[in-house]
Amino acid sequence: MLVDLEPPFLVIKPGVSEDEYYRLDEDSPWELVDGRLVMSPSSRRHEELFRFLLVLVNGFLETKGGGVVLGSRYPMRLDERWSPEPDLIVVRDRKSHLLTRRRLEGPADLVVEIASEGDPRFDAREKLPRYRQAGIEEIWLVDPFQRILHAHTRSAATGAYESSALTAGRLASQVLPGFWLEVAWLWQEPLPSSVACLDLIVPRQD
């Protein structure tokens, strides 16, 4: 039985319709990727990175406004074969009408994927081409195994993507003006305090 498998296996079930996918429980660990159900194993490091980034982005948006950030179990429907569930999605206010109770109807503005130990290249190999096809403005692929953050940003003028592979240095968001991240934070063990890092990004007003 699939439910008996344990990490670090990546489990893929092909030939699944969109209706079948959306009949699953809302807390299901599966996502719909090119007409296949995919379940990626989680790990402590994955969850720590997810929580760290969620606190930073959510804290920034709560302070500055302009959009919302949602976590993994919320699908981003791109078409009848694609309803991936990125680790984080940011949707700016101008797209808020696309947020429904159960899914985002269309591409997010910013997507963050954290590599899974079951297949660390899965997001880059399978998801990134579709995300770029959808015109997602900013895509971050975090690889804690190689300690590289691959950032892809789309030019509003030309539609072309600029890509960079960062192991350190400051990454400033195009989608969220004023938000930045010291990439080296992601490789620290243990991770730094998300509250302390957020205070650097958005200094408190005394």
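Computed from a predicted model, the values in this text were never measured in an experiment.

What counts as what
Residues numbered from 1 in each chain as written. Predicted model: local features only at pLDDT ≥ 70, side-chain atom pairs only at ≥ 80, totals over all residues. Heavy atoms only, no water. Helix = DSSP H or I, 4+ residues; strand = E, 2+ residues; numbered from the N terminus. Rg over C-alpha atoms; globule rule 2.2 N^0.38 Å. Buried < 20%, exposed > 50% of the residue type's maximum accessible area, 1.4 Å probe, protein only. Pairing = 2+ DSSP bridges. Axes fitted to C-alpha atoms, helices over the stretch in contact; angles between N-to-C directions. pLDDT = per-residue confidence, 0-100. Contact = heavy atoms within 4.5 Å. Phe/Tyr/Trp six-rings, centres within 6.5 Å; stacked < 30°, edge-to-face > 60°. Lys NZ or Arg CZ within 6 Å of the ring centre and 35° of its normal.

Draft legend 1. Representation of the overall build of the protein chain within the structure. Helix and strand counts for the protein chain come out as four helices and 13 strands. The C-alpha atoms of the protein chain give a radius of gyration of 17 Å, which matches the 17 Å a tight globule of 206 residues would have. Considered along the principal axes of its C-alpha atoms, the protein chain spans approximately 55 × 35 × 30 Å. Sorting the 206 residues of the protein chain into buried and exposed places 48% on the buried side.

Draft legend 2. Examining the sheet that holds strand β1 (residues 11–13) more closely. As summarised here, the arrangement of the three strands in space is β1-β3-β2, forming an open sheet in which the pairing is antiparallel. Of all strands in the sheet, those with a lone pairing partner are β1 and β2 (31–33), marking the two edges. This sheet shows a mean twist of 35° between the axes of neighbouring strands, independent of strand direction. Looking at chain direction, β1 and strand β3 (residues 36–39) are connected through three bridges and run antiparallel. In the strand pairing of β3, Ile12 is matched with Val38.

Draft legend 3. Examining the pairing of strand β10 (residues 148–154) more closely. Relative to β10, strand β9 (residues 138–143) runs antiparallel, the two sharing six bridges. The residue of β10 that forms the bridge with Leu141 is His150. The turn joining β9 and β10, which pair antiparallel and follow one another in sequence, is formed by four residues; a positive phi near 60° is taken by Arg147. Looking at chain direction, β10 and strand β11 (residues 161–166) are connected through six bridges and run antiparallel. Paired with Ala151 across the strands is Ser164, a residue of β11. What sits between the antiparallel neighbours β10 and β11 is a turn of six residues, in which Gly159 has the positive phi angle 80°.

Draft legend 4. Broad picture of the confidence of the model for the protein chain. Overall, the prediction assigns the protein chain a mean pLDDT of 94, with 96% of residues at 70 or greater. Counting interchain partners and residues more than four positions distant, the pLDDT-below-50 stretch residues 1–5 has three contacts.

Draft legend 5. Layout of the packing of aromatic side chains. Taken as a whole and assessed by the stated rule, the structure comprises five aromatic pairs. Each ring, one from Trp140 and one from Phe179, has its centre 6.5 Å from the other, and the planes form 25°; the classification is stacked. Remark: Phe179 occurs in the loop between β12 (170–172) and β13 (180–182) and Trp140 occurs in strand β9; sequence separation between them is 39 residues. Each member of the pair, Trp140 as well as Phe179, carries the same accessibility label: buried. Here Trp180 and Trp185 contribute two aromatic rings whose centre-to-centre distance is 5.7 Å and whose plane-to-plane angle is 40°, an arrangement assigned as tilted. The residues Trp180 and Trp185 share a single accessibility class, namely buried. By the ring-pair criterion, three or more aromatic residues cluster together here, those being Phe52, Trp180 and Trp185. Over the face of the ring belonging to Tyr22 we find Arg103, whose NZ or CZ atom lies 4.6 Å from the ring centre. If you follow Arg170 out to its NZ or CZ, it ends over the ring of Trp180, 3.6 Å from the centre.

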